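In case you want the letters, here they are:
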Amino acid sequence: MSEKDTLILAIESSCDETAASVVKNGRCVLSNIISSQIAIHTLYGGVVPEIASRKHIEKINQVVEVALKEADVTLDDIDAIGVTYGPGLVGALLVGVAEAKAIAYAKKKPLVGVHHIEGHVSANYIEHPDLEPPFLCEIISGGHTHLVIVKDYGSFEILGLGYPGGPKIDKLAKEGNPHAIDFPRAHMEDAPYDFSFSGVKSAVLNHLNKCRMTGEPIVEADIAASFQQAVVDVLVDNAIRAAKDYHMDRLAIAGGVASNGALRAAMEASCEKEG
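The rules behind each value
Residues numbered from 1 in each chain as written. Predicted model: local features only at pLDDT ≥ 70, side-chain atom pairs only at ≥ 80, totals over all residues. Heavy atoms only, no water. Helix = DSSP H or I, 4+ residues; strand = E, 2+ residues; numbered from the N terminus. Buried < 20%, exposed > 50% of the residue type's maximum accessible area, 1.4 Å probe, protein only. Axes fitted to C-alpha atoms, helices over the stretch in contact; angles between N-to-C directions. Parallel < 35°, antiparallel > 145°, perpendicular 65-115°, else oblique. Left-handed = near helix turned anticlockwise from the far one by under 90°. Contact = heavy atoms within 4.5 Å. Nonpolar A, V, L, I, M, F, W, Y, C, P; charged D, E, K, R; others polar. Pairing = 2+ DSSP bridges. Expected span 1.5 Å × (residues − 1). Arc of directions from axis to C-beta. Phe/Tyr/Trp six-rings, centres within 6.5 Å; stacked < 30°, edge-to-face > 60°.

S.K.: Tell me about the overall build of the chain, and please be specific about residues and values.
M.R.: On a plain count of helices and strands, the chain comes out with 8 helices and 9 strands. Its C-alpha atoms put the chain at 65 × 45 × 30 Å along the principal axes. Relative to its full complement of 275 residues, the chain shows a buried share of 41%.

This is how it looks when you write it as structure tokens:
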């Protein structure tokens, strides 16, 4: 490492994963250690905040130590501590923030609170080291769907606003027909960059109830594929419209749901078509 390299120790505990990473110069990940709690929360069908907080307390020191070891650095080599401060589960966030504050205080290092959703956007800089603002980013996370213009580093303009259910739908949908059932696509004329998926969720429930009442077979793969297609269509259409309206020639996607296979394929195809 050169003398000018900046090393950040990053800590994340916003939900059900305890994570720590050492990042060099904002783009190069030297270590990324994640302790997942999915197995324990699956027993309850969702994240139990109190259990999540307790598990973070158990794991956080160990995760930080392993991250430093894997990156082959010590706390003395670190230039600053970054930590997720929200949004997320309050108790879970407090564990990470307390850890980061303690390290920063003990080692007299700067402490930087990071917005959870800004972190999702910034993951694109790691995946694409040559990416620079401005660009449009569509964030599709568990509880947040926004279109954001990334004007500069740290400068944003927001255009619009099952456990874990996403991966299961993605997998099941591959076996189904995405055009089997015509679920609604919500587009709001007065707010073209807003998202609403309550209608399509209600339509799925209504379809299931109708099948049970009439004895019609419930084809889970077709329902998953058709539901996914309805959501993907809206996500792609809104993003492409915003990119055109704001004259952006680069479009990024971020957040957990950005790993959905059908979404990625549809977004790539649409971006290629629109240049």
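Let's pick the thread back up.
S.K.: Please provide a residue-by-residue account of the packing of helix H6 (residues 198-214) against helix H7 (residues 220-245), values included.
M.R.: At their nearest, the axes of H6 and H7 sit 11 Å apart, and the two run at 160° to each other. On the basis of their axis angle, the class for H6 and H7 is roughly antiparallel. Handedness of the crossing formed by H6 with H7: right-handed. Between H6 and H7, the contacting residues are Val 200, Lys 201, Val 204, His 207 and Leu 208 on the first element and Ile 223, Phe 227, Ala 230 and Val 231 on the second. Split by residue class, the contact of H6 with H7 holds 7 nonpolar, 1 polar and 1 charged.

S.K.: Please set out the sheet that holds strand E2 (residues 17-24) residue by residue, giving values where relevant.
M.R.: If you trace the 5 strands from one edge of the open sheet to the other, you get E3-E2-E1-E4-E5, paired in mixed fashion. Both outer strands of the open sheet, strand E3 (28-36) and strand E5 (111-115), are each paired with one neighbouring strand and no more. Direction aside, neighbouring strands of the sheet carry axes that sit 20° apart on average. One ladder, built from 8 bridges, connects E2 with E3; its direction is antiparallel. Opposite Val 22, over in E3, you have Ser 31 as the bridge partner. Across the sheet, helix H2 (residues 49-71) lies against strand E1 (7-12), E2 and E3, angled at about 25° from E2, the strand it touches most. Where helix H3 (residues 90-107) meets the sheet, its contacts fall on E1, strand E4 (80-86) and E5, and the angle it forms with E4 comes to roughly 160°.

S.K.: Summarise helix H8 (residues 261-274); cite the residues concerned and give the values.
M.R.: When the terminal C-alpha atoms of H8 are compared, their 20 Å separation across 14 residues agrees well with the 20 Å that a helix rising 1.5 Å per residue should span. For H8, the set of buried residues is Leu 263, Met 267 and Ser 270. Viewed along the axis of H8, the buried residues span an arc of 70°, placing them on a single side of the element. H8 presents Glu 268, Glu 272 and Lys 273 as exposed residues on the side facing more than 90 degrees away from its buried surface.

S.K.: So what about the packing of aromatic side chains? Which residues, and what values?
M.R.: Scanning the entire structure with this criterion turns up 4 aromatic pairs. A ring pair is formed by Tyr 125 and Tyr 153, whose centres lie 5.2 Å apart and whose planes are at 55°; its orientation type is tilted. Taken as a pair, Tyr 125 in helix H4 (residues 116-127) and Tyr 153 in the loop between strand E7 (145-152) and strand E8 (155-160) lie far apart in primary sequence, 28 residues in all. Owing to a relative accessible area of 47%, Tyr 153 belongs among the partly exposed residues under this scheme. Here the aromatic residues Tyr 125, Phe 135 and Tyr 153 are joined through ring pairs into a cluster of three or more.

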